[in-house]
Amino acid sequence: MPAIVKDEMLVRGVVFYLDSELPSEAKFLLEDFRLAVNNAIRAGLQARVTSRNALCKLAYKGFRQEHPEMYSQHLVSAFEVAGSVLKNHRRRIRKGVTCGIPYVKRRIMKAENQAYKLDRKSGVVDLPIRAGCHVELRLIVSQYHRKYLDDMSLSLGSLTILPDRVVVAFRKDAPRPYAPESALSLDTNERSVDGVFVEGDVAKTIKAEFPEVAIIQQRHHDRRKRLQKRKAHDRRISRELCRREGTREHRRVDYRLHHVANSVLKFAEERKSAIVLEDLKGIRPRKSKELNRRLSMWPRRKLHQIIEYKAQWRGIPVVKVDPRYSSRTCPICGRIQYSRMGAEFACECGWHLDRHVNASINLLQTAISKGMAGGLRFNPGAFQHDVMMILYEPAMAARSEPNGTSGIAGVT
Ligand SMILES: [Zn+2]
């Protein structure tokens, strides 16, 4: 069973756009908040402290004198943000990454849940600015947002405010995963997820294909290369353009991975399956730089992250197993092949099957042998070679290109 700590709180950030421009009082507050964060960062660096309380002691008085009106809850929250910036900075230094003094450039602020009110019916945020001064922020509420606002089992966490949107954190206790009645074992690859679905005595092949992800990655990689060449005379511009390209790439890939994850989870939930995944933790990057980029592990890890996170939120059990030898073992006789072969796995004992599907069977057998899949069993004799269930294919993303972040925000 997944390692869910009892009483664990799950948090999900939901983006809401504002229906009009931020009121000027709120804009000033954002500006002050940024100042407070940056002040606290400087003070914290000098005194070598990172905890919120220490920063509070250090910087509260001074900032209070300069900004006597700022709501004190917001000021404390600024120290919290500064603390996390400092911790990240310290981690980078420890890793040996050279970096300058951290500094918050964007206008952004975070309000803890006691420091704002959200009317969940109307979608109006009441944000205190200072004594006697509050502003109202009207959120644009879609059907997607309604699901969160109307679900009273979700409590409200912090509120992050940006000039054009806010992020509301919704929290809930991790639900107990159901007892699995079937299993969905998945071998994650560069362009697809291949696996086997086992229910009772029947085992079927399943597939979710996302070749666009690799294509998007390739295209963005080429574009970055071109940009670097063309803007070689100006490092600053070149870097900025590449960063933007990278953000765009991540968004487009994310969008698809969310769809793939959703179809996998829907399938599993409807059939009360446990999801079996390979544990990607130990897999090291390859040596060759070119190969490394092409076979980038990032989308695979990301897909797992999304699946695990959403499964936890919905109470779907996820089992992770060591993938060692999973692509080279015969699930019938247990022989381990010396080398990887082509698209098909074939064993001396006569067993042959699509290489990826074969790997997923090995993952499932590992999970079963370790008692991690409930009381499920797998009977290779009952495997239906000719049946394939498609969970996802590129046509399902036919709405194709999301523009900006709206596409991601809309995916549940
Ligand atoms: Zn064999």
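Structure: see above.
Residues numbered from 1 in each chain as written. Predicted model: local features only at pLDDT ≥ 70, side-chain atom pairs only at ≥ 80, totals over all residues. Heavy atoms only, no water.

**Brief notes about the packing of helix α5 (residues 211-230) against helix α6 (residues 235-270)**
Between two packed helices, the angle of one axis relative to the other and the distance separating the axes together describe the packing.
Move 1: Two elements in contact, α5 and α6, have axes whose closest approach is 10 Å; the angle formed by their N-to-C orientations is 175°. In terms of orientation, α5 and α6 fall into the roughly antiparallel class. Contacts from Glu212, Val213, Ile216, Gln217, Arg219, His220, Arg223, Arg224, Leu227 and Gln228 in α5 reach Ser238, Leu241, Cys242, Glu245, Gly246, Arg248, Glu249, Arg252, Val253, Arg256 and Leu257 in α6.
Move 2: Here the residues of the contact of α5 with α6 are counted per class, giving 7 nonpolar, 5 polar and 9 charged. (Axes fitted to C-alpha atoms, helices over the stretch in contact; angles between N-to-C directions. Helix = DSSP H or I, 4+ residues; strand = E, 2+ residues; numbered from the N terminus. Parallel < 35°, antiparallel > 145°, perpendicular 65-115°, else oblique. Contact = heavy atoms within 4.5 Å. Nonpolar A, V, L, I, M, F, W, Y, C, P; charged D, E, K, R; others polar.)

**Some points on the coordination of the zinc ion**
Move 1: Protein-derived coordination of the zinc ion comes from Cys330 (SG), Cys333 (SG), Cys347 (SG) and Cys349 (SG), at a distance range of 2.2 to 2.3 Å.
Move 2: Taken together, the 4 donor atoms coordinating the zinc ion and their angles of 104 to 116° define a geometry best described as tetrahedral.
Move 3: Taken in chain order, the donor set of the zinc ion reads C-x2-C-x13-C-x1-C. You can see cysteine 333 sitting in the loop between β12 (318-321) and β13 (344-346) and its partner cysteine 347 sitting in the loop between β13 and β14 (352-354), a full 14 residues away along the chain.
Move 4: A relative accessible area of 9% means that cysteine 347 is categorised as buried. (Donors = N, O, S within 2.8 Å, 3.2 Å for Na, K, Ca; no water. Tetrahedral: all angles 85-135°; square planar, octahedral: opposite > 155°, others 65-115°. Buried < 20%, exposed > 50% of the residue type's maximum accessible area, 1.4 Å probe, protein only.)

**A few points about the packing of aromatic side chains**
Move 1: Taken as a whole and assessed by the stated rule, the structure comprises 4 aromatic pairs.
Move 2: Ring centres 5.0 Å apart and planes at 85° place the aromatic pair phenylalanine 197 and phenylalanine 267 in the edge-to-face group. Pair noted here: phenylalanine 197 is in strand β9 (residues 192-199) and phenylalanine 267 is in helix α6, with a separation of 70 residues, a long-range link. The pair phenylalanine 197 / phenylalanine 267 is uniform in exposure class, with both members buried.
Move 3: Taken together through their ring pairs, the aromatic side chains of Tyr144, Tyr148 and Phe170 make up a single cluster. (Phe/Tyr/Trp six-rings, centres within 6.5 Å; stacked < 30°, edge-to-face > 60°.)

**Notes on the sheet that holds strand β10 (residues 202-209)**
Move 1: Taken in spatial order, the 6 strands line up as β12-β11-β8-β9-β10-β15 in an open sheet, and their pairing is mixed. The open sheet has two edge strands, β12 and β15 (383-392), and neither has a second partner. Recorded for the sheet is a direction-independent mean angle of 25° between the axes of neighbouring strands.
Move 2: Alignment of β9 against β10, held across 8 bridges, turns out to be antiparallel. The residue of β10 that forms the bridge with valine 193 is alanine 208.
Move 3: Helix-sheet contacts for α6 involve β8 (182-188), β9, β10, β11 (273-278) and β15, and the interaxial angle to β15 is about 130°. (Pairing = 2+ DSSP bridges.)

What is shown is where atoms sit, not what they do.
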